[in-house]
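What follows is the residue order along each chain.
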Amino acid sequence: MRKRVLSGMRPTGRLHLGHYFGALHNWINFQHDYECYYMSADWHALTTNYVNTSEIDKNTLEMIADWIAVGIDPQKSTLFKQSKILQHSELFLILSMITPLRWLQRCSTYKKQINEDRNENLNGYGFLGYPVLQAADILLYKAHIIPVGKDQLSHLEFTREIMRRFNNFYGKIFVIEPKEALTKIARVPGLDGRKMSKSYNNSILLGENNDILKNKVKSMFTDPLKIRKNTPGHPENCVVFGFYKILDFKCSKKRSEECKIGMIGCVVCKSELVEILTEFMAPLTNERKKLISDKAYLDEILKKGCQKATEIASETMKEIHEALKF
Ligand code: TRP
Ligand code: SF4
């Protein structure tokens, strides 16, 4: 039997290159050898966005279109929407009974977000329980491998802890310890050099329009010491170079040399990056446009995915009911 891979993304808006290189790239590769389940974590989106929910469903469809456009194959992978599989909420409820509050309060993502984000909506019970919901997602499918970003490691740690606690109380229902799979690219820089993130307003969207793409590359932070073409630069301090490394690994070595010895200036360097990025983006942009205009097709994929996910989720839930003697 092939091992199972499970991952998800919150449908909170358009996807960007950080999602692609930080996650989707891995998702695509796993499709060859694993049984893959990829979900739109719409209930997770609700933990931070519960006041205005009108965009969540639209975002899910656009997100699925992006996934398919970059190479997630709906014939190979099961794509589904979390909220359609009611067992997620049921297991979330059961796990919350056995979750000590302090496990959630000490969770690093929780502490970080509560401190950084002035959004007082985060003071709710749902947001505190975010890792419990994520553990339910993973355990329902008895997934072996969870491709995620580094920021999610504390949630996986929580998942393994709560699974052990469950097994201690009710018997060994969960035998597979879910393990994270990180991408090789540790960090995709945003235009300003911080991590690419929607909340920093420094991202390049998947399917970004050519003119905007050009302007965004123009606005990228470069080495502040490189004033003219012939001043020696420090590519390691430059966002443009960060993209050369990610997109065009071979040519990046040459570029690094040229920059250091003052053989190239930032203007030309940027316009070459625009070309590389435009070429990378073109097929994806066309494909996502086509997909988004075919809502019936996307709905059908989600419907099929939900059926398949429900089969597995309901099997696991049956075992859980027996273990709980319900
Ligand atoms: N919390 C994840 C994120 O923000 C999304 C997610 C929800 C997830 N459920 C999951 C990821 C289960 C992996 C497995 O990126
Ligand atoms: Fe960055 Fe290129 Fe300018 Fe060097 S030449 S600092 S790599 S933009």
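The structure displayed is predicted, hence computed values, not measured ones.

Colleague: Can you help me understand the packing of helix α8 (residues 130–140) against helix α9 (residues 153–170) in this one?
Modeller: If you want to describe how two helices pack, look at the angle between their axes and the distance between the axes. Closest axis-to-axis distance for the α8/α9 pair is 9 Å, and the angle between their directions is 70°. Here α9 runs roughly perpendicular to α8, going by the angle between their axes. Crossing of α8 against α9: the hand is right-handed. Residues Tyr 130, Pro 131, Val 132, Gln 134, Ala 135, Ile 138 and Leu 139 of α8 lie in contact with α9, whose contacting residues are His 155, Leu 156, Phe 158, Thr 159, Ile 162 and Met 163. Class assignment of the residues belonging to the contact of α8 with α9 gives a composition of 10 nonpolar, 3 polar and no charged.

Colleague: Would you mind showing me how to read the site of ligand 2 here?
Modeller: The environment of ligand 2 is formed by Thr 222, Asp 223, Lys 226, Cys 238, Val 240, Phe 241, Cys 259, Ile 264, Gly 265, Cys 266 and Cys 269. When residues of the shell around ligand 2 are traced back to their parent elements, those giving at least two are α11 (239–247) and α13 (266–292).

Colleague: Honestly, the site of ligand 1 in this entry has me stumped. Any pointers?
Modeller: The immediate surroundings of ligand 1 are formed by 14 residues, with Met 39, Tyr 130, Gln 134, Asp 137 and Gln 152 found nearest. Here a nitrogen atom of ligand 1 sits 2.9 Å away from a polar atom, N or O, in the side chain of Gln 152. For ligand 1, whose unbound accessible area comes to 360 Å², protein coverage reaches 91%. No other element matches the 4 residues that α8 contributes to the shell around ligand 1.

Colleague: So what exactly am I meant to see when it comes to α11 here?
Modeller: For the α-helix, the turn length of 3.6 residues means that residues three or four positions removed from each other point alike. Burial of α11 is extensive: 7 of the 9 residues sit out of reach of the surface. For α11, every residue scored as buried is listed here: Val 239, Val 240, Phe 241, Gly 242, Phe 243, Tyr 244 and Ile 246. Residues of α11 that are buried sit in contact with α1 (17–30), α12 (249–260) and α13.

Colleague: When you look at the pairing of strand β2 (residues 35–40) in this model, what are you seeing that I'm missing?
Modeller: For a regular strand, side chains alternate in direction, first toward one face of the sheet and then toward the other. Summarising burial for β2: 6 of the 6 residues are buried, a large majority. Where strand β1 (residues 4–9) meets β2, 6 bridges bridge the pair, whose relative direction is parallel. Directly across from Arg 4, in β2, lies its bridge partner Glu 35.

Colleague: Sorry if this is basic, but what is going on with the environment of Lys 308 here?
Modeller: Note on placement: Lys 308 falls in helix α14 (residues 295–323). Taking relative accessible area as the criterion, Lys 308 reaches 36% and is therefore assigned partly exposed. Apart from the residues lying within four places of it in its own chain, the contact partners of Lys 308 are Tyr 37 and Thr 78.

Calculation notes
- Numbers given to residues run from 1 along each chain, matching the order in which its sequence is written.
- Labels are handed out in written order, letters beginning with A for the chains and numbers beginning with 1 for the ligands.
- Given that the model is predicted, a residue must reach a pLDDT of at least 70 before its local features are reported, and side-chain atom pairs must reach 80 or more before they are shown or counted; all residues, however, enter totals for whole chains, interfaces and linings.
- Each side-chain value is worked out from all heavy atoms of the structure, with water and hydrogens disregarded.
- Structural elements are reduced to axes, namely lines fitted to C-alpha atoms, with helices fitted over the stretch in contact, and the angle between N-to-C directions of any two is expressed from 0 to 180 degrees.
- Secondary structure follows DSSP: runs of H or I at least 4 residues long count as helices, runs of E at least 2 residues long count as strands, and numbering of each begins at the N terminus.
- The labels follow the angle: roughly parallel below 35 degrees, roughly antiparallel above 145, roughly perpendicular from 65 to 115, and oblique for the rest.
- Rotating anticlockwise by less than a right angle from the far helix to the near helix defines a left-handed crossing, while the corresponding clockwise rotation defines a right-handed one.
- By the convention used here, residues are in contact when the closest approach between their heavy atoms is within 4.5 Å.
- Just so you know the grouping, Ala, Val, Leu, Ile, Met, Phe, Trp, Tyr, Cys and Pro go in nonpolar, Asp, Glu, Lys and Arg go in charged, and all remaining residues, Gly too, go in polar.
- For each residue, the test is whether any non-hydrogen atom lies within 4 Å of the molecule or strand; if one does, the residue is near.
- Here a polar contact means two N or O atoms within 3.5 Å. Within protein one must be a hydrogen donor candidate and the other an acceptor candidate, and residues neighboring in sequence count only if both atoms are side-chain atoms.
- Accessible areas in this description were obtained via Shrake-Rupley with a 1.4 Å probe; residue shielding takes into account the shown protein chains only.
- Exposed residues in this analysis have more than 50% of their type's maximum accessible area, buried residues have under 20%, and partly exposed residues fall in between, with area computed by a 1.4 Å probe over protein chains only.
- Two strands are said to pair when DSSP picks up at least two bridges between them.

Nothing here speaks to function; it is geometry throughout.
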